[in-house]
Amino acid sequence: MPDLLRVRACVLKWEAKDIVSLELRALDGGPLPRFTAGSHIDLHLPGGIVRSYSLSNDPAETDRYVVGIARDAASRGGSRYIHETLRIGAEFDIGKPRNNFELNETSQDHVLIAGGIGITPMMSMMHRLHTLGRRPVLYYAVRDHSRLAFSREINAISREHVYHIDSETGAPLDIASIIGAHPDADFYCCGPAPMLSAFEDATAHLPEERVHFERFAAVAVAKPDTEAAFEVECVKSHKVFAIPPDESIGDVLEAAGIPVDLSCREGICGSCETRVLSGVPEHRDSVLSKSEKESHKTMMICVSRCRSGKLLLDL
């Protein structure tokens, strides 16, 4: 089990229609581990529910974490619990901050593109860039005005931002035009699948290091009609496991008592990223970049499998 922190829910705030922010503090009031802009944490909620949420507050703050949570109509319990059941004073565990959506602070130009609850990680980025004296440009798209979250905070820290209201314009945000208008910028995008698809298409010609995005849900990956079994050797644990066609590496190792960190189990949060010592993974996650997948140095053991018959993992 990964290192966990015990926290208390201190503030639950309405931000927009179907969106709340939740402020968490350590039980003893002491400092929390520092985080970097774009980070997220896992909330270990009652009933064994583990969900990842992006941090929205200023990374300079060490006394609290703030996460934004949208009510999900298809919720499996996480957002529904927070919106309908959670009460101030509730205590639960969280994982330490992790970052799969890092801000390149060496770049001089930053363009942030958010859709809906995708604004959450952008908030921590804007706070950090404001501290650095930078002037990022934010494009924030929502379906209608009632869903415009964090607008007061955005107005306070951002001099250059555009609110795109789909119901008023009658069309989605024109991401291709945004990319073309900022030829030297680093681009960041977080939002629903159609927005991310448009973003990937519009930035396909750019160097990978200038394009950054984070997904809400895993991208569908083509799978063979019949899955193959394979072996996994855990070098530190000195054990070898057969991975059957109908089980993931993570599930098999967890059942055997091998310490693994499984959160989303969909290949989007990065919690189960594991170093590969030998063998060729079949990557099925939505976290690693193209170059990271091609290097085969790490893999997400909750969804990815094996192309070489056997994998040696640093577990």
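Quick notes on the rules
- Residues numbered from 1 in each chain as written.
- Predicted model: local features only at pLDDT ≥ 70, side-chain atom pairs only at ≥ 80, totals over all residues.
- Heavy atoms only, no water.
- Patch = residues over 30% accessible without salt bridge, like charges linked within 9 Å, V, L, I, M, F, W, Y side chains within 5 Å.
- Areas by Shrake-Rupley, 256 points an atom, 1.4 Å probe, with all protein chains shown as cover.
- Salt bridge = Lys/Arg side-chain N within 4 Å of Asp/Glu carboxyl O.
- Lys, Arg positive; Asp, Glu negative; His and termini not counted.
- Charge placed at Lys NZ, Arg CZ, Asp CG, Glu CD.
- Buried < 20%, exposed > 50% of the residue type's maximum accessible area, 1.4 Å probe, protein only.
- Pairing = 2+ DSSP bridges.
- Helix = DSSP H or I, 4+ residues; strand = E, 2+ residues; numbered from the N terminus.
- Axes fitted to C-alpha atoms, helices over the stretch in contact; angles between N-to-C directions.
- Contact = heavy atoms within 4.5 Å.
- Arc of directions from axis to C-beta.
- Phe/Tyr/Trp six-rings, centres within 6.5 Å; stacked < 30°, edge-to-face > 60°.
- Polar contact = N/O pair within 3.5 Å; in protein donor to acceptor, adjacent residues only side chain to side chain.

Per an unreviewed UniProt entry, the recorded name for the protein chain is Ferredoxin, and the organism is Acetobacter aceti.

Draft legend 1. The arrangement of a negative patch on the surface in detail. Where like charges cluster on the molecular surface, the negative patch consists of Glu-208, Glu-209, Glu-273, Glu-292 and Glu-294. Residue class for Glu-294 comes out exposed when judged on its relative accessible area of 52%.

Draft legend 2. Representation of the sheet that holds strand β7 (residues 110-115). Taken in spatial order, the five strands of this open sheet run β9-β8-β7-β10-β11, and their pairing is parallel. Looking along the sheet, the strands with just one partner apiece sit at the ends: β9 (161-165) and β11 (211-215). Sheet twist, expressed as the average angle between the axes of neighbouring strands with direction ignored, equals 10 degrees. Taken together, the five bridges between strand β8 (residues 137-142) and β9 define a ladder with parallel strand orientation. Paired with Tyr-139 across the two strands is Val-162, which belongs to β9. Its contacts with the sheet place helix α6 (residues 193-202) against β7, β8, β10 (186-191) and β11, and it is angled at close to 160 degrees to β10.

Draft legend 3. Focus on α6. Where α6 is concerned, the buried positions are Met-195, Leu-196, Phe-199 and Ala-202. For α6, the angular spread of the buried residues around the axis is 125 degrees, confining them to a single face. Along α6, exposed side chains directed more than 90 degrees from the buried face belong to Ala-193, Pro-194 and Asp-201. Contact partners of the buried residues in α6: β7, β8, α5 (175-181), β10 and β11.

Draft legend 4. Layout of the packing of aromatic side chains. Going through the model one piece at a time under the given rule, you end up with four aromatic pairs. A ring pair is formed by Phe-35 and Tyr-65, whose centres lie 5.9 Å apart and whose planes are at 80 degrees; its orientation type is edge-to-face. Taken together, the residues span a long stretch of sequence, with Phe-35 in the loop between β2 (19-26) and β3 (40-45) and Tyr-65 in strand β5 (residues 65-70) at a distance of 30 residues. You can call Phe-35 buried: its relative accessible area is 6%. Where Phe-101 meets Tyr-188, the ring centres are 6.1 Å apart and the plane angle is 65 degrees; that geometry is what we call edge-to-face. In this pair, Phe-101 sits in the loop between β6 (91-95) and β7 while Tyr-188 sits in strand β10, placing the two residues 87 residues apart along the sequence. Classification of Phe-101 by relative accessible area gives buried; the value is 1%.

Draft legend 5. Focus on the side chain of Ser-248. If you trace the backbone, Ser-248 turns up in the loop between β13 (239-243) and α7 (249-255). Its relative accessible area of 13% is what places Ser-248 among the buried residues. Among the polar contacts made by the side chain of Ser-248, one reaches the main-chain amide nitrogen of Asp-251 at a distance of 3.0 Å.

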